[in-house]
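Coordinate analysis (summary)
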Amino acid sequence: MSELSPLLTKAVRVRETGGPEVLKVEEIAVPAPKPGEALIRQTAIGLNYIDTYFRSGLYKTELPFVPGSEGAGVVEALGEGVTGLAVGDRVAYAGGPLGAYAERRVIPADRLVKVPDGVSDDVAAAIMLKGLTAHYLLFKTFPVRAGTVILFHAAAGGVGSIAGQWAHRLGAVTIGTVGSAAKVDAARRNGYAYVIDTSREDFVARINEITDGRGVDVAYDSIGRDTFPATLDTLRPRGMWVTFGQSSGALPPIDSQILSQKGSLFMTRPTLFHYIADRRELEEAAAALFEAVGSGLVEIAVDTYPLDHAADAHRDLQARRTTGSVVLKP
Ligand SMILES: NC(=O)c1ccc[n+]([C@@H]2O[C@H](COP(=O)([O-])OP(=O)(O)OC[C@H]3O[C@@H](n4cnc5c(N)ncnc54)[C@H](OP(=O)(O)O)[C@@H]3O)[C@@H](O)[C@H]2O)c1
């Protein structure tokens, strides 16, 4: 590629942080892949709640930037020294440098995994970040087994829809919450045996009833501010509180005494990127996920928006209007 004719691509760029309106469609130059990198043409881009944290400025990054941490497509060129990949391979990724909201992008090749034939690009882009998150939450953060009683907030959402089906298949007793009556059926289809509509019911009282006062073994909470500290009251003594997101806003500073007062609880604040930083762990988790989805164990509902309408997708995600996974189409 000569310097005079850089490859241009359509991308959504943020020049200043703020509301969804700061997501602007632009043409930007794509650099040639450096050693260890791959140039990919993306056919599907995953929408994630974390994209809204970067867009709003809650999470910091240098301006201007192209948001996005999840996508799928085809390898178009490889930098020097890349092994195990060829031009034309179908690939997908979660994490790595931001920059998914674009038709073409360059990415470290060791973040890419090959997508098996039985999994479409849209599904791959819908599951890499959310499905690998469901995987580590259920298999690594807390080993969910037959009979484990779990609470999962946002049971009709992207991560919640995958986690519920998978936990159900593992034989767990699944309790999910949703924020409106309209999402109850979706959560049921996602494998939640008990679905609590928090717009009508007090989830702590209801879980107390469901578990005969025992409490859940593990509570997965991605809602943050609005479900704290009530979620701690759903746990059995020595249960685990997994606070892994903040869809309703950041948590206040936490006094560790609260864990003792609520029953010698365990707390973790995990992030996917620490569970897949190691290439071997990434490959194992992706293989398990593709197997679960390819075999139909976990079914994926995908809603699509044109990449040009990324701002609408952000509005809908933050207004709690989406269910399942959303994919942006370049
Ligand atoms: N730590 C990690 O490794 C990791 C990885 C992936 C995702 N996450 C986190 O997991 C969460 C889910 O991500 P996702 O992309 O799958 O999103 P999502 O669950 O599809 O969307 C968020 C859901 O949160 C619920 N919610 C409750 N209060 C809300 C409020 N005040 N504003 C907006 N939503 C509210 C809504 O469901 P109801 O209307 O049913 O309540 C909404 O649909 C996010 O917090 C994300 O940051 C963390």
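In this text, all values refer to a predicted model and were calculated from it rather than measured experimentally.

Time to look at helix 1 (residues 49-56). Of all eight residues in helix 1, six are buried, a share of seventy percent or more. Of all the positions in helix 1, only I50, D51, T52, Y53, F54 and R55 are classed as buried. Turning to helix 1, the residues buried within the fold contact strand 1 (7-14), strand 2 (23-30), strand 3 (37-46), helix 7 (272-276) and helix 9 (310-318). Of the residues flanking the end of helix 1, it is G57, one or two places downstream, whose phi is positive at about 100°.

Moving on, we get to the packing of helix 1 against helix 9. Two elements in contact, helix 1 and helix 9, have axes whose closest approach is 10 Å; the angle formed by their N-to-C orientations is 110°. Classed by the angle they form, the pair helix 1 and helix 9 counts as roughly perpendicular. The segment helix 1 lies against helix 9, with Y49, D51, T52 and R55 engaging H314, L317 and Q318.

With that settled, consider the sheet that holds strand 10 (residues 194-197). The strand order across the open sheet built from six strands is 10-9-8-11-12-13, with neighbouring strands paired in parallel fashion. Each end of this open sheet is capped by a strand with a single partner; those strands are strand 10 and strand 13 (266-268). Geometrically, the sheet is characterised by an average inter-axis angle of 15° between neighbouring strands, direction not taken into account. Against the sheet, helix 2 (residues 121-141) engages strand 8 (149-152), strand 11 (216-221), strand 12 (235-243) and strand 13, with an angle of about 145° to strand 12.

To continue, consider the layout of surface pockets. In this structure, the largest pocket encloses a volume near 1000 Å³. Forming the boundary of the largest pocket are 45 residues, of which Y49, Y53, A154, S222 and S247 lie nearest the centre. No other element matches helix 2, which puts four residues into the lining of the largest pocket. Split into classes, the residues belonging to the lining of the largest pocket amount to 21 nonpolar, 19 polar and five charged. Residues lining the lining of the largest pocket come from more than one domain, with at least three contributed by each of domain 1 (7-128 + 298-329) and domain 2 (146-268). Counted as a void, the second largest pocket has a volume near 310 Å³. If you go around the second largest pocket, you meet 16 residues; those closest to its centre are P31, L98, G99, R105 and V106. Here the lining of the second largest pocket gets five residues from one element, more than from any other, and that element is strand 6 (residues 104-108).

In the vicinity of the ligand lie 28 residues, with Y136, G179, K183, S247 and L272 positioned nearest. Note that an oxygen atom of the ligand is positioned 3.1 Å from one of the backbone N or O atoms of Y49. One of the side-chain N or O atoms of R269 is found 3.5 Å from a nitrogen atom in the ligand. Out of a free accessible area of 900 Å², the ligand has 92% covered by protein chains. More than half of the atoms belonging to the ligand lie within 2 Å of the grid points that define the largest pocket. Going through the elements one at a time, helix 1, helix 2, helix 3 (158-169) and helix 9 are the ones with two or more residues in the shell around the ligand. The element that contributes the greatest number of residues to the shell around the ligand is helix 2, accounting for three residues. Residues that form the shell around the ligand fall into these classes: twelve nonpolar, twelve polar and four charged. When residues of the shell around the ligand are sorted by domain, at least three fall in each of domain 1 (7-128 + 298-329) and domain 2 (146-268).

Reading the values: rules and limits
Residues numbered from 1 in each chain as written. Predicted model: local features only at pLDDT ≥ 70, side-chain atom pairs only at ≥ 80, totals over all residues. Heavy atoms only, no water. Buried < 20%, exposed > 50% of the residue type's maximum accessible area, 1.4 Å probe, protein only. Helix = DSSP H or I, 4+ residues; strand = E, 2+ residues; numbered from the N terminus. Contact = heavy atoms within 4.5 Å. Axes fitted to C-alpha atoms, helices over the stretch in contact; angles between N-to-C directions. Parallel < 35°, antiparallel > 145°, perpendicular 65-115°, else oblique. Pairing = 2+ DSSP bridges. 1 Å grid on protein atoms, 1.4 Å probe; cavity = no way out; pocket = protein on both sides within 12 Å on 5 of 7 lines; lining within 4 Å. Points joined across faces, edges and corners; volume = space filled by probe spheres on them. Nonpolar A, V, L, I, M, F, W, Y, C, P; charged D, E, K, R; others polar. Domains from an automatic or database assignment. Near = heavy atom within 4 Å. Polar contact = N/O pair within 3.5 Å; in protein donor to acceptor, adjacent residues only side chain to side chain. Areas by Shrake-Rupley, 256 points an atom, 1.4 Å probe, with all protein chains shown as cover. Sits in = over half its atoms within 2 Å of the grid points.

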